[in-house]
Amino acid sequence: MNIAENLKRIRSRIQNACLKVNRSEEDVTLIAVTKTMDANAVKLAVENGIAHIGENRVQEAERKINQLGNIASWHLIGHLQTNKVKKAAQLFDIIHSVDSLHLAREISSRAIQFNKVMDCLIEVKTSGEESKFGVAPEKATELIKQISILPGVRVKGLMTIGAFLPDPEDVRPCFKMLKTLNEEIASKGIEGVEMKYLSMGMTNDFEVAIEEGANMIRVGRAIFGERNYG
Ligand SMILES: *Cc1c(COP(=O)(O)O)cnc(C)c1O
């Protein structure tokens, strides 16, 4: 595995996907997903131009963040349990996986304790019953309205995990749905809400996600190789 080579290849794939739909590659933030990888791998990615790191688990991230500090912007992309919110609020710069008012309230009150306002994305379930987490698309607007009045969180957009299907073309409808929903919510002009980020696309499907408007893609295996959960 060669992180530098892999990143070069991914950047050119991002460039090609952008070209195809007339977008600027600068609009697409590449989040390197480092779950199961050690601090050294994170460091290598940063040395090769990565400015955004995605982690799934609060405790695993804590070790790396304590070791590396703010060498990058830290994104929590995995499901967040209430009992981990305090740590998450302290450690992360943005949380992609907010899918309930209860969780948002907890994040808000913890963030305030750290003198922060936490940037949050609302995780939407775009793949039917397949995924356990995420708010149903038809409930997203109402949830965002409720969250928008919380003082310690700032809604910044939407996130989804597309259906786990081998052909990325089959995931396209998930991404289309998220983009449409994002525009719908943006058009409502909810105070304090900025529907700026669309976090969608992973190793298997990031090109299709970019074609459908992703401006944050979360890529792990294509950068670091297959994960070993041992
Ligand atoms: C693991 C993970 C990714 C990255 O997946 P790859 O297939 O390794 O690119 C992206 N988003 C979330 C939420 C993840 O859990």
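In case you missed it, the structure is sitting above this.
**Considerations on the overall build of the protein**
Counting its secondary structure elements, the protein contains 9 helices and 8 strands. Its C-alpha radius of gyration of 17 Å places the protein within 12% of the 17 Å reference for a compact globule of 230 residues. Here the C-alpha coordinates of the protein stretch approximately 45 × 40 × 30 Å along the principal axes. Burial statistics for the protein: of 230 residues in total, 52% are counted as buried. In the protein, 61% of the contacts between residues at least 6 apart in sequence involve partners at least 24 apart.

**Some words on the site of the ligand**
In the vicinity of the ligand, the residues found are Val33, Lys35, Asn56, Ile77, Ile161, Met202, Thr203, Arg218, Val219, Gly220, Arg221 and Arg227. Burial of the ligand by the protein chains amounts to 94% of its free accessible area of 390 Å².

**As for the pairing of strand E5 (residues 118–123)**
Taking burial as the measure, the 6 residues of E5 include 6 buried ones, the bulk of the element. Of the two faces of E5, the one carrying Met118, Cys120 and Ile122 and the one carrying Asp119, Leu121 and Glu123 are both buried. Alignment of strand E4 (residues 94–98) against E5, held across 3 bridges, turns out to be parallel. Following the sheet pairing, Ile95 is matched in E5 by Cys120. The parallel pair E4 and E5 is bridged by helix H5 (residues 101–113), and the resulting crossover is right-handed. Pairing between E5 and strand E6 (residues 153–159): 6 bridges, direction parallel. Counterpart to Asp119 in the pairing with E6 is Arg154.

**Concerning helix H3 (residues 58–68)**
Those residues of H3 not exposed but buried are Val58, Glu60, Ala61, Lys64, Ile65 and Leu68. Along the axis of H3, the buried positions cluster into a sector of 155 degrees, meaning they face one direction only. Facing away from the buried side of H3 by over 90 degrees, the exposed positions are Arg63, Asn66 and Gln67. Where H3 is buried, its residues meet helix H2 (39–47), strand E2 (52–55), strand E3 (73–76) and helix H4 (85–91). Among the residues trailing H3, Gly69 stands out with phi positive, at a value near 70 degrees.

**Some details on the nonpolar core**
Among the nonpolar cores identified, the biggest contains 70 residues, and Ile107, Ile147 and Leu158 are the most heavily contacted of them. In terms of residue count, helix H1 (residues 3–20) provides more of this core than any other element does, 6 residues in total. With sequence-adjacent residues up to four places away left out, Leu158 is seen in contact with Leu121, Ile122, Val124, Ile144, Leu178, Leu181, Asn182, Ile185, Met195, Tyr197, Leu198 and Ser199. Counting residues in hydrophobic clusters, the runner-up holds 6 residues, among them Ile94, Leu121, Met159 and Met216.

**Focus: the environment of Glu62**
Structurally, the position occupied by Glu62 is in helix H3. Distance from Glu62 to Met195, taken between C-alpha atoms, is 28 Å for residues 133 residues apart in sequence. Setting aside chain neighbours within four positions, we find Glu62 in contact with Lys87 and Leu91.

**Here we look at the pairing of E4**
Here E4 lies mainly inside the structure; 5 of its 5 residues are buried. Across 2 bridges, E3 lies against E4 in parallel orientation. In the sheet register, His75 faces E4, and the bridge partner there is Ile94. At this point the chain moves from E3, through H4, to the parallel E4, and the crossover so formed is right-handed.

**So, the packing of H2 against H3**
At a minimum axis separation of 10 Å, H2 and H3 run at an interaxial angle of 60 degrees. With respect to each other, H2 and H3 are oriented oblique. Every pair of crossing elements has a handedness; the one defined by H2 and H3 is right-handed. For the pair formed by H2 and H3, the contact residues are Ala39, Val42 and Lys43 on the first element and Lys64, Gln67 and Leu68 on the second. Of the residues contributing to the contact of H2 with H3, the split by class is 3 nonpolar, 1 polar and 2 charged.

Analysis parameters
Residues numbered from 1 in each chain as written. Predicted model: local features only at pLDDT ≥ 70, side-chain atom pairs only at ≥ 80, totals over all residues. Heavy atoms only, no water. Helix = DSSP H or I, 4+ residues; strand = E, 2+ residues; numbered from the N terminus. Rg over C-alpha atoms; globule rule 2.2 N^0.38 Å. Buried < 20%, exposed > 50% of the residue type's maximum accessible area, 1.4 Å probe, protein only. Contact = heavy atoms within 4.5 Å. Near = heavy atom within 4 Å. Areas by Shrake-Rupley, 256 points an atom, 1.4 Å probe, with all protein chains shown as cover. Pairing = 2+ DSSP bridges. Right-handed = clockwise from strand over helix to strand, strands pointing away. Arc of directions from axis to C-beta. Core = buried A, V, L, I, M, F, W, Y, C linked by side-chain atoms within 4.5 Å. Axes fitted to C-alpha atoms, helices over the stretch in contact; angles between N-to-C directions. Parallel < 35°, antiparallel > 145°, perpendicular 65-115°, else oblique. Left-handed = near helix turned anticlockwise from the far one by under 90°. Nonpolar A, V, L, I, M, F, W, Y, C, P; charged D, E, K, R; others polar.

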